[in-house]
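# Understanding the architecture of this molecule
Each chain, written out:
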Amino acid sequence: MQYILLHPYFCTNVNAKIFIHKYMNDHRKTTSAFVKLGAFLREFCATKDQESKWHILFHETINLAKHHNGWFTKENILYALNGWATLLTEEKLENWLSPYNLEENETKTVAIIMAGNIPLVGFHDFLSVLITGNSVLAKLSSNDKVLLPLLSKYLIEVEPSLKNRITFTDKKLENFNSVIATGSNNSARYFEHYFGKYPHLIRKNRNSVAILTENETTEELRALGEDIFRYYGLGCRSVSKIFVPKDYNFELFFKAIYDYNTIIDSVKYANNYDYNKAVYLMSEFKLLENGFLILKEDTSYSSPIASLFYEHYSSLDTLKALLEEDKDKIQCVVSNASIENEISFGQTQCPALNQYADNIDTVEFLLKTSLN
């Protein structure tokens, strides 16, 4: 049985019932708005040449996003939209939230400082804040500043009460109760200093890795290409390093990922490929490459664009110990070697609603954050 601590005002049956009824009614309205957004996104991603107001506006905004950020191709934006279309269903939202007692929430304004490395990377925080009954004060990255306001505009049209709960600003953040901020390790230190007096959830750099054992099928290795190349490898869930056994046959890997060779047609990606290859060769590093991906042996986790680091391991037990030691640097582990919390090949960019960034439960943070 769940218990709720209420303000003295609510310590009568009548007032408590009124409070709970209003809260749950608002929650249902918010959930319904996101479900309607999901339904529209499914239709939008599945159809072409629609001329409704919203179809036209979404196409225009996608083109504008590409103009603001050359890494935001139409293909990748649609991939992100389709991912949220899949998640924003009544069943999935209810299953996600069912373990929580949402009535514990103290209504507050949450400042969200968003990253802009991949399209709509801050949408999960945005969704979490609103669906728990709070208000959003969002500071967008200059690299991704048009997509989320468009989705917000749609939400407000289908549920006007959300208008007073969604605010975007490019000015100094003021009048908020708690903070969620995502950035680099350097910006995280700034966030800690500036927002230290507020309840805060601050995320740093993380990377994802894959463990190969030579038992992978061609299909699994081909799927690994999705984990490596989606969003040009710019996401924290993008695989930037692989661990391989000694004397691993990289020819199998290169053959399996060959279908991704058209990524080199992107001028920005090709420029990074040429630059990093030149730097590595001038430094006389030993490289493996196939014309669109550079493999470099390195103990670091964060590889440059168009590069993939690799490291040999002697035993899975030793590797598991290393990954446990470095768990604060790692977002996802792709493997079929029975590693704890491993993710299947090709699935890093398809997280479930309860797979939180940095493995920190955002909803729990919001519900446990007090106004006092």
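The structure this text deals with has already been given above.
Now for a quick tour of the structure.

## Side note on the overall build of the chain
Summing up its helical and strand segments, the chain has 12 helices and 11 strands in all. Whereas a compact globule of 372 residues would reach a radius of gyration of roughly 21 Å, the chain reaches 22 Å, a difference of no more than 12%. With respect to the three principal axes, the spread of C-alpha positions in the chain is 75 × 50 × 40 Å. Residue burial in the chain is summarised as follows: out of 372 residues, 48% are buried. Expressed as a percentage of contacts within the chain between residues at least 6 apart in sequence, the contacts between residues at least 24 apart total 73%.

## Some remarks on the packing of helix α2 (residues 53-68) against helix α3 (residues 74-87)
Contact geometry for α2 and α3: axes closest at 10 Å, N-to-C directions at 125°. On the basis of their axis angle, the class for α2 and α3 is oblique. In this structure, α2 crosses over α3, and the sense of that crossing is right-handed. Touching Ile62, Ala65 and Lys66 of α2 are Lys74, Ile77, Leu78 and Leu81, all from α3.

## A closer look at the sheet that holds strand β5 (residues 200-203)
The strand order across the open sheet formed by 5 strands is β3-β2-β1-β4-β5, and the pairing between neighbours is parallel. At either margin of the open sheet sits one strand with a lone partner, and together these are β3 (166-168) and β5. For this sheet the average axis-to-axis angle between neighbouring strands, irrespective of direction, equals 15°. In the sheet, strand β1 (residues 109-113) pairs with strand β2 (residues 135-139) via 5 bridges, with the strands oriented parallel. Note on β2: the bridge partner recorded for Ile112 is Ala138.

## Things to note about the pairing of strand β9 (residues 294-297)
Bridging between strand β8 (residues 287-289) and β9 involves 3 bridges; their strand directions are antiparallel. Looking at β9, one finds that Leu287 is bridged to Lys296. Remark: 4 residues form the turn of the hairpin made by β8 and β9, two consecutive strands paired antiparallel; Gly291 in that turn has positive phi of roughly 100°. Where β9 and strand β10 (residues 307-313) come together, 4 bridges link them in parallel fashion. Note that in β10 the partner of Glu297 across the bridge is Tyr310.

## Brief notes about the sheet that holds β8
Strand order in the open sheet formed by 6 strands is β8-β9-β10-β7-β6-β11, with mixed pairing between adjacent strands. Edge strands, defined here as strands with exactly one partner in the open sheet, are β8 and β11 (330-334). When strand polarity is set aside, the average angle formed by the axes of neighbouring strands in this sheet is 25°. Together, β6 (207-211), β7 (239-245), β10 and β11 form the strand contacts of helix α8 (residues 218-229), whose direction differs from that of β7 by roughly 140°.

## A word on the environment of Glu104
By the element assignment, Glu104 lies in the loop between α4 (90-97) and β1. Since its relative accessible area comes to 32%, Glu104 is described here as partly exposed. For the pair Glu104 and Ser370, spaced 266 residues apart in the sequence, the C-alpha separation amounts to 9.8 Å. In this structure Glu104 touches Leu367 and Lys368, once residues within four positions along its chain are discounted.

## Let's talk about the packing of aromatic side chains
Tallied over the entire structure, the rule returns 27 aromatic pairs. Taken together, the ring pairs connect Phe176, Tyr190, Phe191, Tyr194, Phe195 and Tyr198 into an aromatic cluster. Positioned over the ring face of Tyr301 is Lys241, at 4.9 Å from the centre of the ring.

## Digging into the pattern of salt bridges
With the rule as written, the count across this model stands at 13 salt bridges. For Arg203, the salt bridge is made with Asp125, and the minimal N-O distance between the two is 2.8 Å. You can see Arg203 sitting in strand β5 and its partner Asp125 sitting in helix α5 (residues 123-131), a full 78 residues away along the chain. Considered together, Arg203 and Asp125 belong to a single accessibility category, that of buried residues. One continuous salt-bridge network, built from bridges that share partners, spans Glu75, Glu226 and Arg230.

What counts as what
- Residues numbered from 1 in each chain as written.
- Predicted model: local features only at pLDDT ≥ 70, side-chain atom pairs only at ≥ 80, totals over all residues.
- Heavy atoms only, no water.
- Helix = DSSP H or I, 4+ residues; strand = E, 2+ residues; numbered from the N terminus.
- Rg over C-alpha atoms; globule rule 2.2 N^0.38 Å.
- Buried < 20%, exposed > 50% of the residue type's maximum accessible area, 1.4 Å probe, protein only.
- Contact = heavy atoms within 4.5 Å.
- Axes fitted to C-alpha atoms, helices over the stretch in contact; angles between N-to-C directions.
- Parallel < 35°, antiparallel > 145°, perpendicular 65-115°, else oblique.
- Left-handed = near helix turned anticlockwise from the far one by under 90°.
- Pairing = 2+ DSSP bridges.
- Phe/Tyr/Trp six-rings, centres within 6.5 Å; stacked < 30°, edge-to-face > 60°.
- Lys NZ or Arg CZ within 6 Å of the ring centre and 35° of its normal.
- Salt bridge = Lys/Arg side-chain N within 4 Å of Asp/Glu carboxyl O.

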